[in-house]
Amino acid sequence: QMDLCIEAFGTSKQKRALSSRRMNAVGSDAVSTAVTRAAANLIDTKGVTALLQDMAQDDVQNISAFLPPCHEDADRPEHVYRFEDILSPAEYEALRVPAATLASVSTEEVARRAEERSHCSFVLEELKFLPADEKSRDHKARCLWFLDTLIKFSHLKVIKKKHPMGPECPHIITKKLMKNFTSMTYNNGSIQNLISASMRAKITAHVIALALHINNFQTDLTVLQNDLKLSESRILDVAKALRLRVSKAKGVPGLGSDQSHKLGTLSLPLPTQKAPEGQRKRRKMS
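Worth saying up front: this structure is predicted, and the values here are computed from it rather than measured.

Calculation notes
- Residues numbered from 1 in each chain as written.
- Predicted model: local features only at pLDDT ≥ 70, side-chain atom pairs only at ≥ 80, totals over all residues.
- Heavy atoms only, no water.
- Pairing = 2+ DSSP bridges.
- Helix = DSSP H or I, 4+ residues; strand = E, 2+ residues; numbered from the N terminus.
- Buried < 20%, exposed > 50% of the residue type's maximum accessible area, 1.4 Å probe, protein only.
- Polar contact = N/O pair within 3.5 Å; in protein donor to acceptor, adjacent residues only side chain to side chain.

Draft legend 1. Main features of the sheet that holds strand β2 (residues 183–187). What the three strands build is an open sheet, ordered β1-β3-β2; its pairing is antiparallel. In this open sheet, the two strands that pair with only one neighbour each are β1 (158–159) and β2. Note that β2 and strand β3 (residues 190–194) share five bridges and pair antiparallel. Bridge assignment links Thr 185 to a residue of β3, and that residue is Gln 192.

This is the structure:
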(Lines give C-alpha, C1' and ligand atoms only; values in the text may rest on other atoms or scores of the structure.)
Protein backbone atom coordinates (compact mmCIF):
# COMPACT_ATOMS: atom_id res chain seq x y z
CA GLN A 1 0.00 0.00 0.00
CA MET A 2 2.87 2.38 0.76
CA ASP A 3 4.40 1.59 -2.64
CA LEU A 4 1.07 2.37 -4.35
CA CYS A 5 0.88 5.71 -2.53
CA ILE A 6 4.41 6.57 -3.66
CA GLU A 7 3.51 5.67 -7.25
CA ALA A 8 0.44 7.91 -7.15
CA PHE A 9 1.50 10.85 -4.99
CA GLY A 10 5.24 10.54 -4.32
CA THR A 11 7.95 12.95 -5.34
CA SER A 12 10.30 12.18 -8.20
CA LYS A 13 13.03 11.24 -5.68
CA GLN A 14 10.72 8.80 -3.85
CA LYS A 15 9.64 7.23 -7.15
CA ARG A 16 13.27 6.74 -8.22
CA ALA A 17 14.06 5.12 -4.86
CA LEU A 18 11.06 2.77 -5.21
CA SER A 19 12.10 1.79 -8.73
CA SER A 20 15.68 1.14 -7.56
CA ARG A 21 14.51 -1.00 -4.64
CA ARG A 22 12.32 -3.12 -6.92
CA MET A 23 15.17 -3.61 -9.39
CA ASN A 24 17.48 -4.73 -6.55
CA ALA A 25 14.87 -7.20 -5.34
CA VAL A 26 14.54 -8.64 -8.84
CA GLY A 27 18.32 -8.85 -9.14
CA SER A 28 18.60 -10.63 -5.79
CA ASP A 29 15.94 -13.16 -6.78
CA ALA A 30 17.73 -13.75 -10.07
CA VAL A 31 21.05 -14.39 -8.32
CA SER A 32 19.41 -16.72 -5.80
CA THR A 33 17.70 -18.65 -8.60
CA ALA A 34 20.96 -18.87 -10.56
CA VAL A 35 22.87 -20.19 -7.52
CA THR A 36 20.18 -22.79 -6.81
CA ARG A 37 20.22 -23.95 -10.45
CA ALA A 38 24.02 -24.10 -10.49
CA ALA A 39 24.06 -26.22 -7.31
CA ALA A 40 21.42 -28.55 -8.73
CA ASN A 41 23.37 -28.91 -12.00
CA LEU A 42 26.58 -29.65 -10.08
CA ILE A 43 24.87 -32.36 -8.03
CA ASP A 44 23.35 -33.86 -11.19
CA THR A 45 26.74 -33.82 -12.94
CA LYS A 46 29.06 -35.10 -10.19
CA GLY A 47 26.76 -36.91 -7.81
CA VAL A 48 26.35 -36.44 -4.05
CA THR A 49 28.99 -39.03 -3.10
CA ALA A 50 31.67 -37.42 -5.25
CA LEU A 51 30.90 -33.99 -3.82
CA LEU A 52 31.15 -35.27 -0.25
CA GLN A 53 34.52 -36.84 -1.07
CA ASP A 54 35.69 -33.53 -2.52
CA MET A 55 34.65 -31.80 0.70
CA ALA A 56 36.55 -34.37 2.79
CA GLN A 57 39.69 -33.84 0.68
CA ASP A 58 39.34 -30.05 0.98
CA ASP A 59 39.06 -30.46 4.77
CA VAL A 60 42.34 -32.43 4.90
CA GLN A 61 44.03 -29.79 2.76
CA ASN A 62 42.66 -27.05 5.03
CA ILE A 63 44.10 -28.82 8.08
CA SER A 64 47.50 -29.10 6.37
CA ALA A 65 47.57 -25.33 5.88
CA PHE A 66 47.50 -24.77 9.66
CA LEU A 67 50.24 -27.16 10.77
CA PRO A 68 53.50 -25.98 12.37
CA PRO A 69 56.40 -25.85 9.86
CA CYS A 70 57.45 -29.42 9.02
CA HIS A 71 61.13 -30.09 8.34
CA GLU A 72 60.88 -33.32 6.36
CA ASP A 73 64.66 -33.62 5.94
CA ALA A 74 65.22 -33.68 9.73
CA ASP A 75 67.61 -36.32 11.04
CA ARG A 76 65.95 -36.52 14.50
CA PRO A 77 62.27 -36.44 15.57
CA GLU A 78 62.79 -33.28 17.66
CA HIS A 79 63.83 -31.41 14.51
CA VAL A 80 60.71 -32.28 12.47
CA TYR A 81 58.55 -29.76 14.36
CA ARG A 82 61.12 -27.52 15.96
CA PHE A 83 60.43 -26.25 19.43
CA GLU A 84 61.25 -22.65 18.45
CA ASP A 85 58.51 -22.83 15.78
CA ILE A 86 56.03 -23.51 18.58
CA LEU A 87 57.47 -21.07 21.14
CA SER A 88 59.95 -18.37 20.22
CA PRO A 89 62.83 -17.67 22.66
CA ALA A 90 61.10 -14.46 23.82
CA GLU A 91 57.79 -16.26 24.40
CA TYR A 92 59.57 -19.09 26.21
CA GLU A 93 61.31 -16.59 28.49
CA ALA A 94 57.98 -14.88 29.26
CA LEU A 95 56.63 -18.19 30.60
CA ARG A 96 59.23 -18.37 33.38
CA VAL A 97 57.15 -16.46 35.95
CA PRO A 98 53.65 -17.93 35.37
CA ALA A 99 55.05 -21.47 35.10
CA ALA A 100 56.96 -21.19 38.39
CA THR A 101 53.93 -22.30 40.41
CA LEU A 102 53.68 -25.47 38.31
CA ALA A 103 57.38 -26.18 38.74
CA SER A 104 57.07 -26.01 42.55
CA VAL A 105 53.77 -27.88 42.87
CA SER A 106 53.60 -30.61 45.54
CA THR A 107 51.91 -34.00 45.30
CA GLU A 108 49.12 -32.76 47.58
CA GLU A 109 48.68 -29.66 45.43
CA VAL A 110 48.41 -31.78 42.27
CA ALA A 111 45.66 -33.84 43.94
CA ARG A 112 43.80 -30.67 44.96
CA ARG A 113 44.05 -29.21 41.46
CA ALA A 114 42.79 -32.49 40.03
CA GLU A 115 39.70 -32.30 42.26
CA GLU A 116 39.11 -28.68 41.22
CA ARG A 117 39.92 -29.46 37.58
CA SER A 118 42.17 -26.42 37.50
CA HIS A 119 44.05 -27.85 34.51
CA CYS A 120 43.33 -30.21 31.64
CA SER A 121 43.79 -33.96 32.18
CA PHE A 122 47.00 -34.11 30.14
CA VAL A 123 48.67 -31.47 32.33
CA LEU A 124 47.41 -32.95 35.60
CA GLU A 125 48.86 -36.33 34.65
CA GLU A 126 52.22 -34.87 33.58
CA LEU A 127 52.53 -32.84 36.80
CA LYS A 128 52.90 -36.15 38.62
CA PHE A 129 56.14 -36.80 36.74
CA LEU A 130 58.07 -33.53 36.88
CA PRO A 131 61.85 -34.14 36.66
CA ALA A 132 63.95 -33.70 39.79
CA ASP A 133 66.56 -31.71 37.88
CA GLU A 134 65.73 -28.01 38.32
CA LYS A 135 66.40 -26.96 34.72
CA SER A 136 64.42 -29.87 33.22
CA ARG A 137 61.62 -29.30 35.74
CA ASP A 138 61.40 -25.62 34.81
CA HIS A 139 61.36 -26.44 31.07
CA LYS A 140 58.56 -28.98 31.41
CA ALA A 141 56.54 -26.62 33.62
CA ARG A 142 56.73 -23.88 30.98
CA CYS A 143 55.62 -26.29 28.25
CA LEU A 144 52.72 -27.57 30.37
CA TRP A 145 51.59 -24.05 31.27
CA PHE A 146 51.46 -23.01 27.61
CA LEU A 147 49.77 -26.25 26.51
CA ASP A 148 47.13 -25.82 29.24
CA THR A 149 46.57 -22.23 28.11
CA LEU A 150 46.23 -23.26 24.45
CA ILE A 151 43.60 -25.89 25.33
CA LYS A 152 41.60 -23.45 27.49
CA PHE A 153 41.83 -20.84 24.73
CA SER A 154 40.42 -23.35 22.21
CA HIS A 155 37.21 -23.59 24.26
CA LEU A 156 36.40 -19.91 23.69
CA LYS A 157 34.31 -18.80 20.72
CA VAL A 158 34.27 -15.03 20.41
CA ILE A 159 37.06 -13.14 22.20
CA LYS A 160 35.45 -10.23 24.04
CA LYS A 161 37.96 -9.46 26.78
CA LYS A 162 41.26 -7.59 26.52
CA HIS A 163 42.91 -10.36 28.57
CA PRO A 164 40.95 -13.51 27.60
CA MET A 165 43.31 -15.79 29.58
CA GLY A 166 43.51 -13.53 32.62
CA PRO A 167 45.96 -10.81 33.67
CA GLU A 168 48.55 -13.39 34.77
CA CYS A 169 49.03 -14.42 31.12
CA PRO A 170 52.09 -12.53 29.76
CA HIS A 171 51.30 -9.89 27.14
CA ILE A 172 53.50 -11.56 24.53
CA ILE A 173 51.56 -14.82 24.96
CA THR A 174 48.17 -13.08 24.73
CA LYS A 175 49.38 -11.34 21.58
CA LYS A 176 50.52 -14.70 20.14
CA LEU A 177 47.13 -16.30 20.86
CA MET A 178 45.18 -13.43 19.30
CA LYS A 179 47.43 -13.10 16.24
CA ASN A 180 48.03 -16.76 15.43
CA PHE A 181 44.92 -18.58 16.66
CA THR A 182 41.94 -16.31 15.96
CA SER A 183 40.14 -15.10 12.86
CA MET A 184 38.86 -11.54 12.51
CA THR A 185 35.26 -10.94 11.51
CA TYR A 186 33.09 -7.85 11.09
CA ASN A 187 29.91 -7.88 13.17
CA ASN A 188 27.44 -5.11 14.08
CA GLY A 189 29.80 -2.37 13.03
CA SER A 190 32.85 -3.67 14.91
CA ILE A 191 35.71 -6.11 14.36
CA GLN A 192 35.65 -9.27 16.47
CA ASN A 193 38.16 -12.05 17.02
CA LEU A 194 36.72 -15.55 16.98
CA ILE A 195 38.05 -19.08 17.10
CA SER A 196 36.79 -20.66 13.90
CA ALA A 197 36.89 -24.36 13.03
CA SER A 198 40.12 -23.86 11.08
CA MET A 199 41.69 -22.05 14.05
CA ARG A 200 40.68 -24.91 16.35
CA ALA A 201 42.44 -27.28 13.94
CA LYS A 202 45.52 -25.05 14.11
CA ILE A 203 45.43 -25.03 17.92
CA THR A 204 45.03 -28.83 17.93
CA ALA A 205 48.07 -29.26 15.68
CA HIS A 206 50.22 -27.06 17.92
CA VAL A 207 48.97 -28.79 21.08
CA ILE A 208 49.91 -32.20 19.63
CA ALA A 209 53.32 -30.94 18.47
CA LEU A 210 54.06 -29.52 21.93
CA ALA A 211 52.81 -32.70 23.65
CA LEU A 212 55.23 -34.69 21.48
CA HIS A 213 58.13 -32.58 22.74
CA ILE A 214 56.94 -33.10 26.33
CA ASN A 215 56.44 -36.87 25.98
CA ASN A 216 59.52 -37.93 24.03
CA PHE A 217 57.60 -37.87 20.72
CA GLN A 218 54.86 -40.29 21.66
CA THR A 219 51.64 -38.98 23.17
CA ASP A 220 48.14 -40.15 24.10
CA LEU A 221 45.87 -38.60 21.48
CA THR A 222 42.70 -39.71 23.26
CA VAL A 223 43.54 -37.68 26.39
CA LEU A 224 44.20 -34.62 24.21
CA GLN A 225 41.01 -35.30 22.26
CA ASN A 226 38.95 -35.24 25.45
CA ASP A 227 40.72 -32.12 26.73
CA LEU A 228 40.13 -30.31 23.43
CA LYS A 229 36.52 -31.57 23.24
CA LEU A 230 36.97 -32.99 19.75
CA SER A 231 35.68 -36.07 17.99
CA GLU A 232 38.12 -38.93 17.56
CA SER A 233 38.00 -38.63 13.77
CA ARG A 234 38.94 -34.95 13.97
CA ILE A 235 42.03 -35.38 16.14
CA LEU A 236 43.13 -38.39 14.09
CA ASP A 237 42.85 -36.29 10.92
CA VAL A 238 45.17 -33.70 12.47
CA ALA A 239 47.56 -36.37 13.80
CA LYS A 240 47.83 -38.02 10.38
CA ALA A 241 48.35 -34.63 8.73
CA LEU A 242 51.26 -34.20 11.19
CA ARG A 243 52.62 -37.50 9.81
CA LEU A 244 52.25 -39.41 13.08
CA ARG A 245 51.95 -43.17 13.28
CA VAL A 246 48.76 -44.00 15.18
CA SER A 247 48.42 -47.15 17.29
CA LYS A 248 46.09 -48.48 19.97
CA ALA A 249 46.92 -48.60 23.66
CA LYS A 250 45.29 -49.08 27.03
CA GLY A 251 44.23 -45.86 28.72
CA VAL A 252 46.09 -44.28 31.62
CA PRO A 253 44.59 -45.32 35.00
CA GLY A 254 42.23 -42.63 36.21
CA LEU A 255 41.80 -41.16 32.73
CA GLY A 256 39.30 -43.58 31.30
CA SER A 257 41.43 -46.72 31.41
CA ASP A 258 38.50 -48.77 30.11
CA GLN A 259 38.59 -46.75 26.90
CA SER A 260 40.75 -47.86 23.99
CA HIS A 261 43.22 -45.04 23.54
CA LYS A 262 45.07 -43.91 20.43
CA LEU A 263 48.78 -43.20 20.64
CA GLY A 264 50.48 -40.86 18.20
CA THR A 265 54.20 -41.43 17.53
CA LEU A 266 56.54 -39.19 15.57
CA SER A 267 59.35 -41.27 14.13
CA LEU A 268 61.66 -41.24 11.15
CA PRO A 269 61.38 -41.78 8.29
CA LEU A 270 58.09 -39.91 8.14
CA PRO A 271 55.14 -41.80 6.62
CA THR A 272 54.25 -40.68 3.12
CA GLN A 273 51.14 -38.55 2.93
CA LYS A 274 48.22 -40.43 1.40
CA ALA A 275 44.92 -39.26 0.05
CA PRO A 276 41.85 -40.36 2.04
CA GLU A 277 40.64 -43.88 1.32
CA GLY A 278 37.50 -42.72 -0.51
CA GLN A 279 39.54 -40.26 -2.59
CA ARG A 280 41.91 -42.95 -3.88
CA LYS A 281 39.07 -45.25 -4.95
CA ARG A 282 37.02 -42.56 -6.64
CA ARG A 283 36.65 -42.89 -10.37
CA LYS A 284 36.42 -39.96 -12.71
CA MET A 285 32.85 -39.13 -13.51
CA SER A 286 31.89 -37.76 -16.90
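There's plenty left to go through after this.
Draft legend 2. Representation of helix α12 (residues 221–228) in the model. The buried fraction of α12 is high, at seven of eight residues. For α12, the full list of buried residues reads Leu 221, Thr 222, Val 223, Leu 224, Gln 225, Asp 227 and Leu 228. Where α12 begins, the side chain of Asp 220 points an oxygen toward the backbone nitrogen of Thr 222, at a separation of 3.0 Å. Looking at the residues trailing α12, positive phi occurs at Lys 229, about 60 degrees.

Draft legend 3. A look at unusual backbone geometry. The omega torsion of the bond from Leu 268 to Pro 269 falls at -5 degrees, within 30 degrees of zero and hence cis. Locating Pro 269 in the fold gives a position in the loop between β6 (260–265) and α14 (277–281). Even without glycine at this site, Arg 117 takes up a positive phi of about 55 degrees. Relative to the helices and strands, Arg 117 resides in the loop between α7 (107–116) and α8 (121–126). Judged by relative accessible area, which is 73%, Arg 117 ranks as exposed.

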